[in-house]
Amino acid sequence: MLDKFDDNLDPTFAAVDRPALIARLAAILAPGALITEPEGLRPYENDGFSGYRVLPSVVVLPSETAQVQAILKVCGEMGVPVVARGAGTGLSGGALPFPGCVILSLGKFNHILDIDADARTAVVQPGVRNLAISEAVAHLGLFYAPDPSSQIACSIGGNVAENAGGVHCLKYGLTVHNLQKVQMVTLAGDIVTLGGDALDAPGFDLMALFTGSEGLLGVFTEITVKLTPSPSFTQVMLVAFDDVRKAGGAVADIIAAGVTPAGLEMMDGMALRAAEQFAHAGYPTDAEAILLCELDGAEADVADELARVAEICRAAGATEVRLARDEAERKTFWAGRKGAFPAMGRLAPDYYCIDGTIPRHQLPDVLAEIARLSESYGLLVANVFHAGDGNLHPLILYDANAPGDLDKAEAFGGAILELCVAVGGTITGEHGVGREKINQMCVQFTPDEVEAFAAIKAAFDPAGLLNPGKTIPTLARCAEFGGLHVHRGALPHADIPRF
Amino acid sequence: MPTSLASRPAEGVDQTEALADQVRRASAEHRPLRIVGGDTKFFYGRAVEGETLSLAGHTGVTDYQPSELVLTARAGTRLADIEALLAANDQMLAFEPPSMGPASTIGGVVAAGLSGPRRPFVGAVRDFVLGVTILDGRGRRLRFGGTVFKNVAGFDAFRLMAGALGGLGVILDVSLRVTPKPRAQAAHIFEMGWSEAQGRIAALMRRPLPLSGAAHHDGRLHLRLSGPEAAVAAAQAELGGKSDDPAFWDSVRHMTHPALGPTAGLWRLSVPAVARLELPGEMFIDWGGAQRWLAAGLPASAAREAAKAAGGHATLFYGQGGPVEAPFAPLAPALMALHLRLKAALDPNSILNPGRLYPDL
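Residues numbered from 1 in each chain as written. Chains lettered and ligands numbered in written order. Predicted model: local features only at pLDDT ≥ 70, side-chain atom pairs only at ≥ 80, totals over all residues.

Novice: Where do I start with the overall build of chain B in this structure?
Specialist: Per the secondary structure count, chain B includes 11 helices and 17 strands. Rg of the C-alpha trace for chain B: 21 Å, near the compact-globule value of 21 Å for 361 residues, within the 12% margin. If you line up chain B on its principal axes, its C-alpha atoms span 60 × 55 × 35 Å. Looking at chain B as a whole, 56% of its 361 residues qualify as buried. At a minimum sequence separation of 6, the contacts of chain B that also span at least 24 residues come to 68%. (Helix = DSSP H or I, 4+ residues; strand = E, 2+ residues; numbered from the N terminus. Rg over C-alpha atoms; globule rule 2.2 N^0.38 Å. Buried ≥ 20, exposed ≤ 12 C-beta atoms within 10 Å, placed from the backbone. Contact = placed C-beta atoms within 7 Å.)

Spelled out as structure tokens, the structure:
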């Protein structure tokens, strides 16, 4: 279990005088903004990846940038690890406390500071919820494009830290493509602005480096996002297949035909049946896979492209092609998809959501291999994908109360990620490495590359205090992890140098 | 219907070993390297004194599957060859990098980080880089990113290479996201002054219109539309104006327009599109107002201060005869400190294009 941090495989820090730390933090913060009692710390012991839990030493809830500066300075001086936390919805254990750490919650940074309709930007604090931005600018005919499934709850600071994606990335891009400027605080307590109000800034593109850096390089305190004009017309098509491989083939054909859907999602038979029971979306429950293909733009173009998509899908063997009859049905189709994760609760007590990306043309083969792994691990898996991006979300079903089940699920998930790397993809498309995929980093990257990441980290955080034990594995961990896999006879990429 | 790979150019030549060897030797002896592709953008940035490390012979498209919307090529592959291959498959590089000459290479395109007229509508070079392989300052071969669009494993060191002018690594190959060519395109021209044009552009950009270019020069607003047929036709009908010569947009992209030439020197002001700038001389305005070109002749301090006051920065793109000492706007001290530490992390002996961006970097 990866919530056991290991002195030999993870960073270590000297013991800290906790009462002295609390006294110094109390001098910075307003009463009530410092949590030290176990019952108050408990809600912070995990994030959206609920399998791992560690109790932090202290939780701080600053409300001003100057307090963030002061907190980071104290932690730097006393050698205390700091884990920044937004809404705590992350799915890779990125906000899992490191033993003895300070949890730096940005929850009180929850104000929208400025909206500029002509510049199409919004200046927001990191604790603002993703969906709140779109809601605040809807009357201007604008929206904030990245829409992770958790958008009702997740915060924009976490989105930047994870480079969050969502359903509409294929057309509108990831978080990194929708940022204009960020203000961040270094561990030394310096306030630094990355990006700017123009479309570029002089020097290295540090804003790109910091986006998706998972809290390892600095703490964001203010974010300027780009806003996008809302499309004039949107329509969604539901396509059913009697074979999941045919659906995978159709996805590659749609993209190859030059169509850029706003969203192109796929669910396999198990996922769509569970979603149907849960949300009554009107999905054909006898299908083995469905695609949801959303297009937006001028009405005539959308109609034209949907006709092409329908033709492509029929040629690929679709058994049914159905347009949403109206806006209400369009929303119902999506409600089924967005409810796919909670719907798993009907199939098993727990599920483990995996997040690899593969080249689209590998979809059929990868699905076959996941089915084979499912049999060999003895755990069911339901597949939900952002198919247009090749981003897989296999949901491994297990029972946390059954002895050994979580370990099996963890091993099965690891095997899927290694498969993604082996076919030319990546271990994480949008959920981040966090703590969960720290070992698989050693599969995707060579020791030299891991060392380069560590050097980049050290350039911004020489003491290694920001979110330690996450995202970038130690070389010791990679050596140990590589060894385990050789022992199991399942070494992926045998040509990668081991040590 | 996956497209065939028959039109892929020759496999090219892999010179990784020789290049790594040269970097390792230079690193051991602390000798600076001047990294060169086609050397068509030699004027951009500060002059580098050092032994030439040429990527021009490290060529070939190593992977291109149109249905994956990604192309991987070695750094020395010519931009023209890549664009011809993409065009044969009805695809393109949406960020429209300028070709400053036929020898322009894809490695140089990424290292320089220059984007064309579509930039405000689709994004910059860095938005289309999916992965790079580099040699770091010790000659180690490192691969960052990959060939898939959604990829958040490790730091995005690949995007960092765009615009770093070689200072953080020698780009060996690059994987770029490619885009289907728009099915329809149109160019319109309007007689109007800049202040009226600026308001018009801001109003248009708040709506979901298929804009792909918005420039102003010499009392004329030029708008380009690209996208699906109906959207382009509807926008054309609404906009009115006269039909424009499409060659205008090529001349903007590749900077062959007379107002964008090197003769008199050229300032590039990157500012918010809605900013008001009061500077003497006639500007060539692109990116809907976010990129403004001005013939040199005004003192650096005037250009820098005006751009900064407007919320942006100024670059001396072409100097007036001879190398430019300070092409880029100075960085705040805390930000420069981070730049120096990052440089040291990837190039500890400071041998990769040292000083190209800033004297100490």
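After that view, the rundown keeps rolling.
Novice: Would you mind going over the nonpolar core with me for this structure?
Specialist: Looking at soluble globular proteins, one finds that nonpolar side chains tend to be buried together. Counting residues in each nonpolar core, the largest one holds 268 residues, and the members touching the most others are Val82, Val251, Ile290, Leu291 and Ile396 of chain A together with Met161 of chain B. Per element, the largest residue contribution to this core is 8 residues, and it comes from helix H8 (residues 244-256) of chain A. Setting aside its immediate chain neighbours within four residues, Val82 of chain A contacts Leu72, Cys75, Cys101, Val102, Leu104, Leu465 and Leu466 of chain A. (Core = buried A, V, L, I, M, F, W, Y, C linked by C-beta atoms within 7 Å.)

Novice: How do you make sense of the sheet that holds strand E10 (residues 219-226) of chain A when you look at a structure like this?
Specialist: Across a sheet, strands are paired by hydrogen bonds formed along the backbone, either parallel or antiparallel in direction. All names here are of chain A. Taken together, the 5 strands give an open sheet; going across it, the order is E5-E6-E10-E8-E9, and neighbouring strands pair in antiparallel fashion. One side of each edge strand has no neighbouring strand; the edge strands of this open sheet are strand E5 (112-116) and strand E9 (191-195). With strand direction ignored, the average angle separating the axes of adjacent strands in the sheet is 15°. In the sheet, strand E8 (residues 179-185) pairs with E9 via 5 bridges, with the strands oriented antiparallel. Bridge pairing in E9 places Lys181 opposite Gly195. (Pairing = 2+ DSSP bridges. Axes fitted to C-alpha atoms, helices over the stretch in contact; angles between N-to-C directions.)

Novice: Looking at this structure, how should I read helix H11 (residues 333-346) of chain B?
Specialist: Along an α-helix, residues three or four positions apart point the same way, because every turn accommodates 3.6 residues. Helix length check: H11 of chain B, at 14 residues, gives a terminal C-alpha distance of 20 Å against a target of 20 Å (1.5 Å per residue), a fit within 8%. Of all the positions in H11 of chain B, only Leu338, His339, Leu342, Lys343, Ala345 and Leu346 of chain B are classed as buried. What you see down the axis of H11 of chain B is that its buried residues fit within an arc of 155°, all on one side. Taken together, the buried residues of H11 of chain B touch E9, helix H7 (206-210) and helix H16 (447-460) of chain A. (Expected span 1.5 Å × (residues − 1). Arc of directions from axis to C-beta.)

Novice: Is there a simple way to explain the interface of chain B and chain A in this structure?
Specialist: A common way to express how large an interface is: the accessible area buried when the components associate. With 69 residues of chain B at the interface, the matching set in chain A holds 76 residues. Mapped onto the side of chain B that touches chain A, the elements with two or more residues apiece are helix H4 (119-122), helix H5 (125-128), strand E7 (141-145), helix H6 (157-160), helix H7 (194-205), helix H8 (229-239) and H11 of chain B. Among the elements that line the side of chain B that touches chain A, the one with the most residues is H11 of chain B, at 8 residues. Tallied by class, residues from the side of chain B that touches chain A come to 40 nonpolar, 14 polar and 15 charged. (Nonpolar A, V, L, I, M, F, W, Y, C, P; charged D, E, K, R; others polar.)

Novice: Which parts of the structure should I look at to understand the environment of Gln291 of chain B?
Specialist: Residue and element names in this part refer to chain B. If you trace the backbone, Gln291 turns up in strand E16 (residues 291-295). With 24 C-beta atoms counted inside 10 Å, the residue Gln291 sits in the buried group. Counting along the chain gives 21 residues from Gln291 to Ser270, while the straight-line C-alpha distance between them is 4.7 Å. The contacts of Gln291, once residues within four sequence positions are left out, are Arg268, Ser270 and Asp286.

Novice: It is not clear to me how the pairing of strand E6 (residues 121-124) of chain A should be interpreted in this structure. Could you clarify?
Specialist: Residue and element names in this part refer to chain A. Of the pairings in the sheet, the one linking E5 to E6 comprises 4 bridges and is antiparallel in character. In the sheet register, Asp116 faces E6, and the bridge partner there is Thr121. Between E5 and the antiparallel strand that follows it, E6, lie 4 residues; Arg120 among them carries a positive phi value of about 55°. Sheet topology places E6 next to E10; 4 bridges connect them, and they run antiparallel. Following the sheet pairing, Ala122 is matched in E10 by Val225.

Novice: Honestly, the environment of His280 of chain A in this entry has me stumped. Any pointers?
Specialist: Looking at the element boundaries, His280 of chain A is found in the loop between helix H9 (269-279) and strand E14 (289-296). Spatially, the C-alpha atom of His280 of chain A lies 8.0 Å from that of Thr332 of chain A, the residues being 52 residues apart in sequence.

Novice: Before we go on, may I ask you to explain unusual backbone geometry in this structure?
Specialist: When glycine is set aside, most residues are seen to have a negative phi, and most peptide bonds are trans. Residue and element names in this part refer to chain B. A positive phi angle, near 60°, is found at Asp90, a position not held by glycine. Structurally, Asp90 can be placed in the loop between helix H2 (79-88) and strand E5 (91-92). A count of 14 C-beta atoms within 10 Å places Asp90 in the partly exposed class. Even without being glycine, Leu165 reaches a positive phi, approximately 50°. On the secondary structure map, Leu165 appears in the loop between H6 and strand E8 (170-177).

Novice: Would you mind showing me how to read H2 of chain B here?
Specialist: Residues and elements named next belong to chain B. For H2, the complete set of buried residues consists of Leu79, Ile82, Leu85 and Leu86. Down the axis of H2, the buried side of the element spans an arc of 130°, and every buried residue falls inside it. Across H2 from its buried face, at more than 90 degrees, point the exposed residues Ala84 and Ala87. If you follow the buried residues of H2, they end up packed against strand E3 (61-65), strand E4 (70-74), E5 and helix H3 (106-112). Within two residues after H2, Asp90 carries a phi angle of roughly 60°, on the positive side.

Spatial relationships are all this shows, so hold off on functional conclusions.
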